[in-house]
Amino acid sequence: MKLFNSLGRELQEFKSITPNEVKLYTCGPTVYDYSHIGNLRAYVFDDTLRRILTNAGYNVKHVMNITDVGHLVSDDDQGDDKLEKGALREQKTVSEVADFYIKAFENDISLLNILEPNAYKGPHGKYARATDFIDQQIEIVKLLFEKDIAYRTKQAIYFNTSKLPDYGKLTEQKLDDKEVAARAEVVSDDQKENPQDFALWFFTVERFANHSLHWNSPWGEGFPGWHLECSAIIHATLGEPIDIHTGGVDHIGTHHTNEIAQSEAAFDVKLANYWLHNEHLLVNGRKMSKSLGNYYRLQDVIDKDIEPLALRLLFLQSHYRTQTNFTWDSLEASAKFLKRIQSWSDLSFQIDSSIQKASLNDIEDALRDDLNTPLALSRLSSIISDKNNTPDHEFLVKLDAVLGLELSNRLDLSDEDKKLIVDRTRARKNQDWSESDKIRDLLLEKSIELNDSQDRTIWSRV
RNA sequence: GGCGCGAUGGCCGAGGAGUUAGGCGAGGGUCUGCAAAACCCUAAACACGAGUGCGAAUCUCGUUCGCGCCUCCA
């Protein structure tokens, strides 16, 4: 199995640390608002990776975090973070806001048939919430102080990046070339020793004085820096080194770079062997994002009577490492393609199967080549187009295992509906067209579509 | 300024030195009580300029344009 590793920027043959086991960690959402479909692309990518690894024989241990505290906005001198802002906007507490959007997130995940993380079970479920790991985050800061890598200013505790020789190995960008405060609105702390030093812990003083979520620490009241949670959660749940760490490309330069720095400095172990990053979804050629306001939610898809799995299929039709331009036309195209795949799947109830099992290998080969899902779907399409291929349940189960399109749990017709089809066939034989059309309409009301071919009537659920 | 990605037919997108990507759409056809679906056929592409090859959409260089990141982001 080949994967493109951001660490080294090359396609590499995947080798797990422990035979037949993969430790997989994913950077999850910040829950201050609804996820948009660009965010969801990342989780479909993750899910696909996990399914393919599982299919290849690995026992995948998957952990995903949820950021429910301390994401700095940085464009605001008040020092609000996104969750605090969301709370203010909705006149709720930060925890209420987080709970609400976590539910919404879990609902989206479920509609897209994305598997829940399976290697962590905490007080709030299967997603690891940053606020449930405060102690562990403080422990890392302690370790970094012991190693003389952390230092404090009036505002915060920082990680001294100059103490780590290979700091920034993921970005391959020289520190001197980095533009300081590339975005004008970035608030800086003039007590920082190096511009690229990042916060491990913020004190609830000055601009953060009113931060509503804060905890006691050996150094004073405050809240953790953003990067810390992932280091702490990985240490507490999977343990370093992990096999694969995933996230969006926007995380390479900052979040993942700093995560690596913290973890590797604190624990003296490599954090992750493979770093996989998904590219962004674009709208009209621009990145879909909350701040640009050019985003759609899964609910917008549903409101257009397009089923969520069509979105999953659309994502699979492009490679995870390419920017994809989202249009409603392309989503509708995927919805039609999905319908064709589903109709073909319904044949498994109606016609004796005759599928070339080898064709599944072609699909798996494509998937194991750095998740070439578009090529895999192209191969699926040729299977479907070949009249000699009709699926059986076993084949659909295997397809679902990697693509997650829910083809294997579609329902056979009830006996009553089957009888209706028999009745209709008899009516047609007697050229009783009004009766036959009546039955066809009746079944259509139950979302069952009939297609008359030369020798028989085929149904499919729509 | 630095780092990175990209430019493929009407739209979305794989591939990648010589041989069909695929989806949706368009045109034609087969089948058919009607309808729908399915299937078959067809048209249509590799940003621009130079270079290296017997041969370049595919490699190299340059140009133009677009996108992302450089302490909010998947």
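Below or above, wherever it landed, is the structure these notes cover. (Residues numbered from 1 in each chain as written. Chains lettered and ligands numbered in written order. Predicted model: local features only at pLDDT ≥ 70, side-chain atom pairs only at ≥ 80, totals over all residues. Heavy atoms only, no water.)

Attention shifts here to empty space enclosed by the protein. Within this structure, the stated rule accounts for 2 cavities of 30 Å³ or more. Taken as a whole, the largest cavity spans an internal volume of roughly 100 Å³. Lining of the largest cavity is provided by R41, V44, F45, T48, N278, F315, L316, S318, H319, Y320, L371 and T373. By residue number, the principal contributor to the lining of the largest cavity is helix α1 (residues 37-55), which donates 4 residues. Broken down by class, the residue content of the lining of the largest cavity amounts to 6 nonpolar, 5 polar and 1 charged. The computed volume of the second largest cavity comes to approximately 40 Å³. Lining the second largest cavity we find L164, D166, Y167, G168, K169, L170, T257, I260 and A261. The residue inventory of the lining of the second largest cavity, partitioned by class, reads 5 nonpolar, 2 polar and 2 charged. (1 Å grid on protein atoms, 1.4 Å probe; cavity = no way out; pocket = protein on both sides within 12 Å on 5 of 7 lines; lining within 4 Å. Points joined across faces, edges and corners; volume = space filled by probe spheres on them. Helix = DSSP H or I, 4+ residues; strand = E, 2+ residues; numbered from the N terminus. Nonpolar A, V, L, I, M, F, W, Y, C, P; charged D, E, K, R; others polar.)

If you walk through the whole model with that rule in mind, you get 20 aromatic pairs. Ring centres of F45 and Y320 lie 4.4 Å apart, and the angle between their planes is 15°; on these two criteria the pair is classed as stacked. Of the two residues, F45 sits in helix α1 while Y320 sits in the loop between α8 (308-316) and β14 (324-326), which places them 275 residues apart along the sequence. With respect to burial, F45 and Y320 carry one shared label: buried. Between the aromatic rings of F208 and F223, the centroid separation amounts to 5.6 Å while the plane-to-plane angle is 90°, which identifies the pairing as edge-to-face. Here F208, found in the loop between β8 (198-203) and β9 (222-224), pairs with F223, found in strand β9; they are 15 residues apart in sequence, far enough to count as distant. One aromatic cluster is present, formed by F14, Y58 and Y274 through successive ring pairs. In this arrangement the basic side chain of R297 is found over the ring face of Y34, its NZ or CZ atom lying 3.7 Å from the centre. A cation over an aromatic ring shows up here: R321 above the ring of F4, its NZ or CZ 4.0 Å from the ring centre. (Phe/Tyr/Trp six-rings, centres within 6.5 Å; stacked < 30°, edge-to-face > 60°. Buried < 20%, exposed > 50% of the residue type's maximum accessible area, 1.4 Å probe, protein only. Lys NZ or Arg CZ within 6 Å of the ring centre and 35° of its normal.)

With that settled, consider the packing of α1 against α8. Contact pair α1 / α8: the axes reach a minimum separation of 10 Å and the direction vectors enclose 75°. Classified by the interaxial angle, the pair formed by α1 and α8 is roughly perpendicular. Residues I37, L40, R41, V44, D47, T48 and R51 of α1 form the contact with α8, whose own contacting residues are L311, R312, F315 and L316. For the contact of α1 with α8, the per-class residue count stands at 6 nonpolar, 1 polar and 4 charged. (Axes fitted to C-alpha atoms, helices over the stretch in contact; angles between N-to-C directions. Parallel < 35°, antiparallel > 145°, perpendicular 65-115°, else oblique. Contact = heavy atoms within 4.5 Å.)

Here the structure, examined in full by the defined rule, presents 24 salt bridges. Among the salt bridges present, the one from E364 reaches R368, with a minimum N-O distance of 3.9 Å. Of the residues examined, E364 reaches a relative accessible area of 16% and is grouped as buried. Relative accessible area serves as the criterion here: at 26%, R368 is assigned to the partly exposed category. A salt bridge links E435 to K438; its shortest N-O distance comes to 3.8 Å. Pair noted here: E435 and K438 are both in helix α14 (residues 433-445), with a separation of 3 residues, about one helical turn. A relative accessible area of 55% means that K438 is categorised as exposed. Linked by salt bridges that have partners in common, D47, R51 and R312 make up one network. (Salt bridge = Lys/Arg side-chain N within 4 Å of Asp/Glu carboxyl O.)

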